[in-house]
Amino acid sequence: MLTRTASRVALRAPGRLSPAYAATRTHEAKFVTAPPLPQWEKLGFSATPTKAMIRYDWDGQQWNSGTSTSDFNISIHGLSNVLHYGQALFEGLKAFHCKDGKVRIFNSKANAARLKRGAERLAMPVVPTELFEEAIDRAVRDNVDYVPPYGYGGAMYLRPFLFGHGEKLGLGAAPHYTFCVIASPVGAYYKGGLEPIDALVIDEFDRAAPRGVGGIKCAGNYAPDVLPSIMAKERGFPVCLYLDAATQTYIEEFSTSNFIGVTQDGTVVTPTSPSILPSCTKGVVLATARQLGLKVEERPISMAEAGTFKEVAACGTAVVLTPIQSITRGDTVYKYHTFDTIAKLYDMITAVQAGEAEDSLGVTRTVCEKPHNPPSK
Ligand code: PLP
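Quick notes on the rules
Along each chain, residue indices are assigned from 1 in the same order as the chain's sequence is written. The predicted origin of the model limits local features to residues at a pLDDT of at least 70 and limits the giving and counting of side-chain atom pairs to 80 or more, whereas totals for whole chains, interfaces and linings rest on all residues. No hydrogens and no water enter the side-chain calculation; it runs on all heavy atoms of the structure. What makes a nonpolar core is a set of buried Ala, Val, Leu, Ile, Met, Phe, Trp, Tyr and Cys residues whose side-chain atoms join them at distances within 4.5 Å. Using a 1.4 Å probe on the protein chains alone, a residue whose accessible area is under 20% of its type maximum counts as buried, one over 50% counts as exposed, and one in between counts as partly exposed. In this entry, domain limits derive from an automatic or database-based domain assignment. By definition in these notes, contact holds between two residues if any of their heavy atoms fall within 4.5 Å. Think of it this way: any DSSP run of H or I at least four residues long counts as a helix, any run of E at least two long counts as a strand, and we number them from the N terminus. Take the residue count of a helix, subtract one, and multiply by 1.5 Å to get its expected span. For this description, a residue counts as near a given molecule or strand if any of its non-hydrogen atoms is within 4 Å of it. Polar contact is the term for a pair of N or O atoms within 3.5 Å; when the atoms are in protein, one must be able to donate a hydrogen and the other to accept it, and sequence-neighboring residues count only if both atoms are side-chain atoms. Each accessible area is a Shrake-Rupley estimate made with a 1.4 Å probe; only the visible protein chains count as cover when residues are assessed. As a working rule, the residues Ala, Val, Leu, Ile, Met, Phe, Trp, Tyr, Cys and Pro are called nonpolar, Asp, Glu, Lys and Arg charged, and the rest polar, with Gly in that last group.

Student: Can you tell me about the nonpolar core, naming the residues and giving the values?
Tutor: If you look at the biggest cluster of nonpolar residues, it comprises 45 residues, and the most contacted ones within it are Phe-254, Phe-259, Ile-260, Leu-321, Ile-324 and Ile-327. Lining this core are residues from two domains, each supplying at least three of them: domain 1 (40-186) and domain 2 (197-338). In contact with Phe-259, other than residues within four places in its own chain, are Leu-241, Ile-251, Glu-252, Phe-254, Val-269, Thr-270, Pro-271, Ile-301, Phe-309, Val-312, Ala-313 and Ile-327. Residues Ala-112, Val-144, Ala-174 and Cys-218 belong to the second largest nonpolar core, which totals 35 residues.

As C-alpha coordinates, then:
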(Lines give C-alpha, C1' and ligand atoms only; values in the text may rest on other atoms or scores of the structure.)
Protein backbone atom coordinates (compact mmCIF):
# COMPACT_ATOMS: atom_id res chain seq x y z
CA MET A 1 0.00 0.00 0.00
CA LEU A 2 1.31 3.47 -0.85
CA THR A 3 2.03 5.83 2.01
CA ARG A 4 0.65 9.37 1.69
CA THR A 5 4.12 10.64 0.71
CA ALA A 6 4.67 7.88 -1.80
CA SER A 7 1.30 8.45 -3.43
CA ARG A 8 2.04 12.15 -3.76
CA VAL A 9 5.34 11.30 -5.45
CA ALA A 10 3.57 8.81 -7.70
CA LEU A 11 1.17 11.52 -8.83
CA ARG A 12 4.09 13.63 -9.99
CA ALA A 13 5.92 10.76 -11.70
CA PRO A 14 7.14 11.49 -15.24
CA GLY A 15 4.45 11.07 -17.84
CA ARG A 16 1.62 11.94 -15.46
CA LEU A 17 0.30 15.45 -15.21
CA SER A 18 -1.09 17.03 -12.09
CA PRO A 19 -4.81 17.81 -12.65
CA ALA A 20 -4.12 21.56 -12.50
CA TYR A 21 -1.30 21.35 -15.06
CA ALA A 22 -3.30 19.06 -17.32
CA ALA A 23 -6.16 21.57 -17.26
CA THR A 24 -3.80 24.37 -18.26
CA ARG A 25 -2.36 22.31 -21.09
CA THR A 26 -5.79 21.31 -22.36
CA HIS A 27 -6.82 24.93 -22.34
CA GLU A 28 -3.64 25.94 -24.19
CA ALA A 29 -4.01 23.22 -26.76
CA LYS A 30 -7.71 23.40 -27.51
CA PHE A 31 -8.23 27.12 -27.29
CA VAL A 32 -11.75 26.91 -25.97
CA THR A 33 -11.62 30.63 -26.49
CA ALA A 34 -9.17 32.16 -28.96
CA PRO A 35 -5.85 33.14 -27.37
CA PRO A 36 -5.51 36.84 -26.59
CA LEU A 37 -3.84 39.07 -29.16
CA PRO A 38 -0.18 39.65 -28.32
CA GLN A 39 1.26 43.02 -27.36
CA TRP A 40 2.75 43.80 -30.75
CA GLU A 41 5.67 45.88 -29.51
CA LYS A 42 6.76 43.08 -27.14
CA LEU A 43 6.91 40.30 -29.74
CA GLY A 44 10.27 38.59 -30.26
CA PHE A 45 11.16 35.49 -32.26
CA SER A 46 9.37 32.91 -30.12
CA ALA A 47 6.17 30.87 -30.34
CA THR A 48 3.04 32.93 -29.74
CA PRO A 49 -0.33 31.12 -29.75
CA THR A 50 -2.73 31.71 -32.62
CA LYS A 51 -6.21 30.41 -33.36
CA ALA A 52 -5.80 27.75 -36.01
CA MET A 53 -3.41 25.13 -37.37
CA ILE A 54 -3.92 23.86 -40.92
CA ARG A 55 -3.59 20.11 -41.46
CA TYR A 56 -3.70 17.90 -44.56
CA ASP A 57 -3.44 14.10 -44.57
CA TRP A 58 -2.23 11.80 -47.33
CA ASP A 59 -4.60 8.91 -48.05
CA GLY A 60 -2.01 6.85 -49.92
CA GLN A 61 -3.02 8.35 -53.29
CA GLN A 62 -3.63 12.03 -52.69
CA TRP A 63 -3.84 14.79 -50.10
CA ASN A 64 -7.24 15.33 -48.52
CA SER A 65 -8.92 18.73 -48.61
CA GLY A 66 -7.42 19.76 -45.28
CA THR A 67 -8.82 21.04 -42.02
CA SER A 68 -8.34 24.08 -39.87
CA THR A 69 -8.11 23.06 -36.22
CA SER A 70 -7.68 24.88 -32.96
CA ASP A 71 -6.05 21.78 -31.43
CA PHE A 72 -2.32 22.17 -32.00
CA ASN A 73 -1.51 18.75 -30.52
CA ILE A 74 -0.84 15.95 -33.00
CA SER A 75 -1.48 12.40 -31.90
CA ILE A 76 0.75 9.82 -33.62
CA HIS A 77 1.81 6.22 -33.00
CA GLY A 78 4.95 5.80 -30.92
CA LEU A 79 6.54 3.75 -33.70
CA SER A 80 6.25 6.57 -36.23
CA ASN A 81 9.05 7.17 -38.75
CA VAL A 82 9.28 10.82 -37.72
CA LEU A 83 10.18 9.86 -34.14
CA HIS A 84 12.76 7.16 -34.95
CA TYR A 85 14.08 7.75 -38.43
CA GLY A 86 13.64 11.52 -38.71
CA GLN A 87 11.40 11.39 -41.78
CA ALA A 88 10.44 15.04 -41.48
CA LEU A 89 10.85 18.33 -43.33
CA PHE A 90 9.95 21.85 -42.37
CA GLU A 91 9.87 25.31 -43.89
CA GLY A 92 9.85 28.87 -42.63
CA LEU A 93 8.44 31.94 -44.36
CA LYS A 94 6.63 35.14 -43.48
CA ALA A 95 3.49 37.12 -44.24
CA PHE A 96 3.41 40.90 -43.75
CA HIS A 97 0.69 43.45 -43.14
CA CYS A 98 1.58 46.08 -45.71
CA LYS A 99 1.23 49.83 -45.90
CA ASP A 100 -1.84 49.56 -48.17
CA GLY A 101 -3.65 47.30 -45.66
CA LYS A 102 -3.09 44.09 -47.64
CA VAL A 103 -1.49 41.01 -46.12
CA ARG A 104 1.15 39.58 -48.44
CA ILE A 105 3.23 36.40 -48.33
CA PHE A 106 6.88 36.78 -49.18
CA ASN A 107 8.56 34.39 -51.61
CA SER A 108 6.36 31.32 -51.01
CA LYS A 109 7.09 29.63 -54.34
CA ALA A 110 10.75 29.25 -53.35
CA ASN A 111 9.76 27.55 -50.08
CA ALA A 112 7.31 25.28 -51.90
CA ALA A 113 10.05 24.24 -54.33
CA ARG A 114 12.49 23.52 -51.50
CA LEU A 115 9.92 21.39 -49.64
CA LYS A 116 9.26 19.49 -52.88
CA ARG A 117 12.97 18.70 -53.32
CA GLY A 118 13.13 17.53 -49.72
CA ALA A 119 10.05 15.30 -50.06
CA GLU A 120 11.56 13.63 -53.14
CA ARG A 121 14.84 12.99 -51.30
CA LEU A 122 13.14 11.58 -48.19
CA ALA A 123 10.65 9.50 -50.23
CA MET A 124 7.63 11.37 -48.92
CA PRO A 125 4.59 12.44 -50.95
CA VAL A 126 5.25 15.79 -52.60
CA VAL A 127 3.14 18.75 -51.53
CA PRO A 128 2.35 20.50 -54.83
CA THR A 129 3.03 24.24 -54.93
CA GLU A 130 -0.72 25.02 -55.22
CA LEU A 131 -1.46 22.98 -52.09
CA PHE A 132 1.48 24.53 -50.24
CA GLU A 133 0.23 28.01 -51.06
CA GLU A 134 -3.39 27.12 -50.25
CA ALA A 135 -2.25 25.83 -46.84
CA ILE A 136 -0.21 28.91 -45.94
CA ASP A 137 -2.96 31.22 -47.21
CA ARG A 138 -5.47 29.41 -44.98
CA ALA A 139 -3.07 29.70 -42.03
CA VAL A 140 -2.83 33.45 -42.62
CA ARG A 141 -6.55 34.03 -43.21
CA ASP A 142 -7.66 31.94 -40.24
CA ASN A 143 -5.23 33.82 -38.00
CA VAL A 144 -5.41 37.23 -39.62
CA ASP A 145 -6.11 38.99 -36.30
CA TYR A 146 -2.70 37.79 -35.12
CA VAL A 147 -0.75 39.25 -38.08
CA PRO A 148 1.27 42.11 -36.55
CA PRO A 149 -0.19 45.40 -37.83
CA TYR A 150 1.77 47.51 -40.29
CA GLY A 151 4.11 49.87 -38.48
CA TYR A 152 5.39 47.50 -35.79
CA GLY A 153 7.99 45.86 -38.02
CA GLY A 154 6.69 42.39 -37.16
CA ALA A 155 5.40 39.58 -39.35
CA MET A 156 3.39 36.39 -39.28
CA TYR A 157 5.95 33.59 -39.28
CA LEU A 158 4.63 30.48 -41.03
CA ARG A 159 5.98 27.04 -40.22
CA PRO A 160 4.88 24.36 -42.71
CA PHE A 161 6.00 20.81 -41.87
CA LEU A 162 5.67 17.38 -43.45
CA PHE A 163 6.30 14.08 -41.68
CA GLY A 164 5.82 10.31 -41.92
CA HIS A 165 3.95 8.50 -39.16
CA GLY A 166 1.93 5.41 -38.27
CA GLU A 167 2.99 2.08 -36.74
CA LYS A 168 6.18 0.87 -38.42
CA LEU A 169 9.16 -1.05 -37.06
CA GLY A 170 11.64 -1.48 -39.92
CA LEU A 171 13.03 1.32 -42.04
CA GLY A 172 10.81 2.04 -45.04
CA ALA A 173 7.95 4.20 -46.26
CA ALA A 174 5.62 5.38 -43.48
CA PRO A 175 1.98 4.24 -43.52
CA HIS A 176 0.78 7.86 -43.13
CA TYR A 177 1.95 11.33 -44.03
CA THR A 178 0.72 14.65 -42.69
CA PHE A 179 1.39 18.20 -43.82
CA CYS A 180 0.61 21.07 -41.43
CA VAL A 181 1.12 24.82 -41.18
CA ILE A 182 1.34 26.69 -37.89
CA ALA A 183 1.39 30.48 -37.79
CA SER A 184 3.03 32.55 -35.06
CA PRO A 185 3.40 36.33 -34.98
CA VAL A 186 6.98 37.51 -34.52
CA GLY A 187 8.44 40.91 -33.78
CA ALA A 188 10.91 43.11 -35.60
CA TYR A 189 14.35 41.58 -35.22
CA TYR A 190 16.08 44.93 -35.07
CA LYS A 191 14.22 47.49 -33.00
CA GLY A 192 16.81 50.16 -33.89
CA GLY A 193 19.38 49.85 -36.68
CA LEU A 194 21.15 46.68 -37.82
CA GLU A 195 23.05 45.03 -34.98
CA PRO A 196 26.22 43.19 -36.04
CA ILE A 197 27.03 39.90 -34.28
CA ASP A 198 30.04 37.58 -33.81
CA ALA A 199 30.36 34.16 -35.47
CA LEU A 200 32.42 31.13 -34.43
CA VAL A 201 33.79 28.54 -36.87
CA ILE A 202 32.88 25.06 -35.63
CA ASP A 203 35.88 22.78 -36.14
CA GLU A 204 34.84 19.92 -33.85
CA PHE A 205 31.56 19.06 -35.61
CA ASP A 206 30.15 19.03 -39.14
CA ARG A 207 26.69 20.21 -40.16
CA ALA A 208 26.22 18.15 -43.30
CA ALA A 209 28.02 15.33 -45.11
CA PRO A 210 29.23 15.95 -48.69
CA ARG A 211 26.63 13.63 -50.21
CA GLY A 212 24.17 13.75 -47.33
CA VAL A 213 21.06 15.84 -46.84
CA GLY A 214 22.45 19.29 -46.01
CA GLY A 215 20.79 20.66 -49.14
CA ILE A 216 17.26 19.90 -47.91
CA LYS A 217 15.49 21.28 -44.86
CA CYS A 218 15.09 18.00 -43.00
CA ALA A 219 14.73 17.75 -39.23
CA GLY A 220 17.84 15.58 -38.91
CA ASN A 221 20.13 18.44 -39.94
CA TYR A 222 19.15 20.52 -36.93
CA ALA A 223 19.46 18.34 -33.80
CA PRO A 224 23.24 17.91 -34.36
CA ASP A 225 23.63 21.69 -34.26
CA VAL A 226 21.90 22.14 -30.89
CA LEU A 227 25.02 21.25 -28.87
CA PRO A 228 27.56 23.28 -30.92
CA SER A 229 25.17 26.26 -30.83
CA ILE A 230 24.83 26.04 -27.04
CA MET A 231 28.62 25.76 -26.68
CA ALA A 232 29.20 28.71 -29.01
CA LYS A 233 26.65 30.87 -27.16
CA GLU A 234 28.33 30.05 -23.85
CA ARG A 235 31.51 31.48 -25.37
CA GLY A 236 29.66 34.62 -26.50
CA PHE A 237 29.05 33.72 -30.15
CA PRO A 238 25.40 33.95 -31.23
CA VAL A 239 26.05 32.08 -34.50
CA CYS A 240 28.08 29.08 -35.66
CA LEU A 241 29.78 28.94 -39.06
CA TYR A 242 30.29 25.51 -40.61
CA LEU A 243 32.97 24.55 -43.13
CA ASP A 244 32.85 21.75 -45.69
CA ALA A 245 32.90 18.40 -43.89
CA ALA A 246 35.36 16.71 -46.30
CA THR A 247 38.27 19.16 -46.07
CA GLN A 248 37.33 21.82 -43.51
CA THR A 249 38.62 24.32 -46.06
CA TYR A 250 35.58 25.93 -47.65
CA ILE A 251 32.92 28.09 -46.04
CA GLU A 252 29.52 26.40 -46.08
CA GLU A 253 26.93 28.20 -43.97
CA PHE A 254 25.78 29.39 -40.57
CA SER A 255 23.52 27.17 -38.41
CA THR A 256 20.29 28.50 -39.89
CA SER A 257 21.36 31.02 -42.51
CA ASN A 258 23.55 31.30 -45.62
CA PHE A 259 26.85 33.16 -45.91
CA ILE A 260 27.09 36.39 -47.89
CA GLY A 261 30.36 38.28 -48.36
CA VAL A 262 31.09 41.59 -50.05
CA THR A 263 34.58 41.90 -51.52
CA GLN A 264 36.69 45.06 -51.41
CA ASP A 265 35.58 45.88 -54.98
CA GLY A 266 31.89 45.55 -54.01
CA THR A 267 31.14 42.12 -55.48
CA VAL A 268 28.50 40.16 -53.58
CA VAL A 269 29.68 36.56 -53.16
CA THR A 270 28.02 33.48 -51.70
CA PRO A 271 29.35 29.93 -51.49
CA THR A 272 28.12 27.00 -53.58
CA SER A 273 28.10 23.41 -52.33
CA PRO A 274 25.53 20.60 -52.54
CA SER A 275 25.51 20.40 -48.73
CA ILE A 276 24.45 24.02 -48.21
CA LEU A 277 20.71 24.55 -47.71
CA PRO A 278 19.73 26.99 -50.49
CA SER A 279 18.28 29.97 -48.63
CA CYS A 280 15.08 31.28 -50.24
CA THR A 281 15.97 34.77 -48.95
CA LYS A 282 19.35 34.53 -50.65
CA GLY A 283 17.64 34.28 -54.04
CA VAL A 284 15.98 37.64 -53.37
CA VAL A 285 19.18 39.18 -51.94
CA LEU A 286 21.21 38.23 -55.01
CA ALA A 287 18.49 39.40 -57.43
CA THR A 288 18.26 42.71 -55.55
CA ALA A 289 22.06 43.10 -55.67
CA ARG A 290 21.92 42.59 -59.45
CA GLN A 291 19.18 45.23 -59.69
CA LEU A 292 21.54 47.61 -57.89
CA GLY A 293 24.13 46.93 -60.58
CA LEU A 294 26.39 44.97 -58.24
CA LYS A 295 28.41 42.04 -59.48
CA VAL A 296 27.26 38.73 -57.97
CA GLU A 297 29.34 35.57 -57.71
CA GLU A 298 28.15 32.14 -56.59
CA ARG A 299 31.22 29.94 -56.16
CA PRO A 300 33.17 27.94 -53.59
CA ILE A 301 34.67 30.30 -51.00
CA SER A 302 37.81 29.19 -49.22
CA MET A 303 38.10 29.96 -45.50
CA ALA A 304 41.41 31.60 -46.42
CA GLU A 305 39.33 34.30 -48.15
CA ALA A 306 37.50 35.21 -44.93
CA GLY A 307 39.99 37.93 -44.04
CA THR A 308 39.65 39.65 -47.41
CA PHE A 309 35.95 40.58 -47.22
CA LYS A 310 34.80 44.13 -46.65
CA GLU A 311 31.39 43.03 -45.36
CA VAL A 312 29.93 39.72 -44.19
CA ALA A 313 26.32 38.81 -43.42
CA ALA A 314 24.09 35.86 -42.58
CA CYS A 315 21.03 35.58 -44.75
CA GLY A 316 17.67 33.94 -43.96
CA THR A 317 13.94 34.39 -43.39
CA ALA A 318 14.16 35.35 -39.71
CA VAL A 319 16.17 38.54 -40.25
CA VAL A 320 16.78 38.84 -44.04
CA LEU A 321 20.40 39.94 -43.44
CA THR A 322 22.37 39.93 -40.19
CA PRO A 323 25.70 41.77 -40.33
CA ILE A 324 28.60 39.66 -39.02
CA GLN A 325 31.21 41.81 -37.31
CA SER A 326 33.71 39.02 -36.65
CA ILE A 327 34.50 35.41 -37.50
CA THR A 328 36.65 33.52 -34.99
CA ARG A 329 38.49 30.32 -35.86
CA GLY A 330 40.75 29.06 -33.10
CA ASP A 331 43.02 31.96 -32.22
CA THR A 332 42.35 33.88 -35.43
CA VAL A 333 39.70 36.62 -35.51
CA TYR A 334 38.59 38.27 -38.77
CA LYS A 335 36.83 41.59 -38.23
CA TYR A 336 34.39 43.52 -40.42
CA HIS A 337 33.65 47.16 -39.78
CA THR A 338 31.35 48.45 -42.52
CA PHE A 339 28.01 47.15 -43.66
CA ASP A 340 26.94 49.66 -46.31
CA THR A 341 26.01 47.14 -49.00
CA ILE A 342 24.33 44.82 -46.51
CA ALA A 343 22.31 47.71 -45.04
CA LYS A 344 21.23 48.89 -48.50
CA LEU A 345 20.06 45.40 -49.51
CA TYR A 346 18.32 44.98 -46.15
CA ASP A 347 16.47 48.28 -46.50
CA MET A 348 15.37 47.52 -50.06
CA ILE A 349 14.06 44.04 -49.25
CA THR A 350 12.30 44.98 -46.02
CA ALA A 351 10.65 47.91 -47.84
CA VAL A 352 9.21 45.44 -50.38
CA GLN A 353 8.06 43.16 -47.54
CA ALA A 354 6.22 46.07 -45.88
CA GLY A 355 4.66 47.17 -49.17
CA GLU A 356 6.56 50.46 -49.05
CA ALA A 357 8.48 49.78 -52.26
CA GLU A 358 7.45 48.23 -55.55
CA ASP A 359 7.89 44.45 -55.74
CA SER A 360 9.78 44.55 -59.02
CA LEU A 361 10.95 40.93 -58.59
CA GLY A 362 7.37 39.69 -58.21
CA VAL A 363 8.07 37.72 -55.03
CA THR A 364 5.06 38.80 -52.95
CA ARG A 365 1.51 37.49 -53.16
CA THR A 366 -1.60 39.12 -51.66
CA VAL A 367 -3.64 36.85 -49.39
CA CYS A 368 -6.23 39.14 -47.81
CA GLU A 369 -6.81 42.57 -46.32
CA LYS A 370 -6.66 43.62 -42.70
CA PRO A 371 -7.80 47.03 -41.49
CA HIS A 372 -5.13 49.22 -39.97
CA ASN A 373 -5.34 49.25 -36.17
CA PRO A 374 -4.87 52.32 -34.09
CA PRO A 375 -1.41 51.93 -32.53
CA SER A 376 -1.63 50.16 -29.14
CA LYS A 377 -0.44 52.08 -26.08
N1 PLP B 1 20.46 27.59 -44.00
C2 PLP B 1 19.85 26.85 -43.06
C3 PLP B 1 20.56 25.65 -42.53
C4 PLP B 1 18.57 27.20 -42.60
O5 PLP B 1 17.96 26.48 -41.66
C6 PLP B 1 17.94 28.35 -43.13
C7 PLP B 1 16.59 28.72 -42.70
O8 PLP B 1 15.65 28.24 -43.27
C9 PLP B 1 18.62 29.09 -44.10
C10 PLP B 1 19.87 28.69 -44.51
C11 PLP B 1 17.97 30.32 -44.68
O12 PLP B 1 16.97 29.93 -45.55
P13 PLP B 1 15.73 30.89 -45.83
O14 PLP B 1 16.25 32.11 -46.45
O15 PLP B 1 14.88 30.11 -46.75
O16 PLP B 1 15.10 31.14 -44.51
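Student: Which residues make up helix 8 (residues 340-353), and what values do they have?
Tutor: Taking 1.5 Å of rise per residue, the 14 residues of helix 8 would be expected to cover 20 Å, and the 20 Å separating its terminal C-alpha atoms lies within 8% of that figure. In the segment just after helix 8, Gly-355 is the residue with positive phi, at about 70 degrees.

Student: Run through helix 4 (residues 108-121), naming residues and quoting values.
Tutor: Side chains of residues three or four places apart in an α-helix project in the same direction, reflecting 3.6 residues per turn. The terminal C-alpha atoms of helix 4 lie 20 Å apart, and with 14 residues this matches the ideal 20 Å at 1.5 Å per residue to within 8%. A positive phi of about 55 degrees marks Ala-123, the residue just after helix 4.

Student: Would you mind going over the site of the ligand in detail, with residue names and values included?
Tutor: In the neighbourhood of the ligand, 16 residues make up the surrounding shell, with Tyr-222, Glu-253, Ser-279, Thr-281 and Thr-317 lying closest. At a separation of 2.7 Å, an oxygen atom of the ligand approaches a polar side-chain atom of Lys-217. Protein coverage of the free-state accessible area of the ligand, which is 380 Å², stands at 96%. Of all the secondary structure elements, the ones that give two or more residues to the shell around the ligand are strand 11 (257-262), helix 7 (280-291) and strand 14 (311-316). For the shell around the ligand, a count of residues per class yields four nonpolar, eight polar and four charged.

Student: So what's going on with the environment of Leu-361? Which residues, and what values?
Tutor: Structurally, Leu-361 can be placed in the loop between helix 8 and strand 17 (364-369). The partly exposed category is assigned to Leu-361, whose relative accessible area is 34%. Each C-alpha atom of the pair Leu-361 and Val-284 lies 8.0 Å from the other, and the pair is 77 residues apart in sequence. Not counting chain neighbours up to four residues away, the residues in contact with Leu-361 comprise Val-284, Ala-287, Thr-288 and Gln-291.

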